[in-house]
Amino acid sequence: MAVRIRLTRTGANNDPCFRVVATDARSPRDGRYLENLGWYDPKRPGMNFSLKLDRIEFWRNRGAQLSDTVRSLIRRARRQAVN
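Owing to the predicted nature of the structure, the values given are computational and were not obtained by experimental measurement.

About the criteria used
Residues numbered from 1 in each chain as written. Predicted model: local features only at pLDDT ≥ 70, side-chain atom pairs only at ≥ 80, totals over all residues. Heavy atoms only, no water. Helix = DSSP H or I, 4+ residues; strand = E, 2+ residues; numbered from the N terminus. Expected span 1.5 Å × (residues − 1). Contact = heavy atoms within 4.5 Å. Phe/Tyr/Trp six-rings, centres within 6.5 Å; stacked < 30°, edge-to-face > 60°. Buried < 20%, exposed > 50% of the residue type's maximum accessible area, 1.4 Å probe, protein only. Pairing = 2+ DSSP bridges. Salt bridge = Lys/Arg side-chain N within 4 Å of Asp/Glu carboxyl O.

(A) Just helix α2 (residues 68–82), in detail. With 15 residues, α2 should cover 21 Å at 1.5 Å per step; its first-to-last C-alpha distance of 22 Å lies within 8% of that length. Structurally, α2 contributes buried residues whose contacts are with β1 (3–12), β2 (15–24), β3 (35–40), β4 (49–51), α1 (53–61) and β5 (65–66).

Dropping the structure here:
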């Protein structure tokens, strides 16, 4: 099974919110997922996401591929952890 770490959409119309999930690459965007790894709220000011970096590394070590958006969120989380 090919695992992807990507976003799944939650929230209401015109008020998107996303979960960061590990899922089978063949499943639909909002379908079943293996594990919830965090959240992202693009409309929230300031710190608008939370990630479980240790679990993301667990999945990456087992061959999971990251989506572009999740890759940028991880980069931001690591930068904020240093500061």
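What follows picks up the thread again.
(B) Main features of the packing of aromatic side chains. Summed over the entire model, instances satisfying the criterion amount to two aromatic pairs. When the ring of Phe18 is compared with that of Tyr40, the centres are 6.2 Å apart and the planes differ by 25°; the resulting orientation is stacked. Here Phe18 is found in strand β2, whereas its partner Tyr40 is found in strand β3, with 22 residues between them in sequence. Taking relative accessible area as the criterion, Phe18 reaches 17% and is therefore assigned buried. When the centroid spacing of 5.5 Å and the interplanar angle of 85° are considered together, the rings of Phe58 and Trp59 count as edge-to-face. Residue classification places Trp59 among the buried residues on the basis of a relative accessible area of 15%.

(C) The arrangement of the pairing of β2 in detail. With seven of ten residues buried, β2 is to be regarded as a mostly interior element. Direction of pairing for β1 relative to β2: antiparallel, over a ladder of ten bridges. In the strand pairing of β2, Arg6 is matched with Val21. Connecting the antiparallel pair β1 and β2 is a turn made up of two residues, with Asn14 showing a positive phi of about 60°. Here β2 pairs with β3 via five bridges, running antiparallel. Its bridge partner lying in β3, Val20 is registered against Gly38.

(D) Quick look at the pattern of salt bridges. For the coordinates displayed, the defined rule picks out six salt bridges. Between Arg60 and Glu57 there is a salt bridge, with the nearest N and O atoms lying 3.9 Å from each other. Of this pair, Arg60 and Glu57 are both found in helix α1, three residues apart, which corresponds to roughly one turn of the helix. Given the relative accessible area of 37%, Arg60 is considered partly exposed. The class for Glu57 is partly exposed, based on a relative accessible area of 28%. Between Arg78 and Glu57 there is a salt bridge, and its shortest N-O distance comes to 2.7 Å. Within this pair, whereas Arg78 is found in helix α2, its partner Glu57 is found in helix α1, the two being separated by 21 residues in sequence. For Arg78, a relative accessible area of 39% gives the class partly exposed. A cluster of three or more residues bridged by salt bridges with shared partners is formed by Glu57, Arg60 and Arg78.

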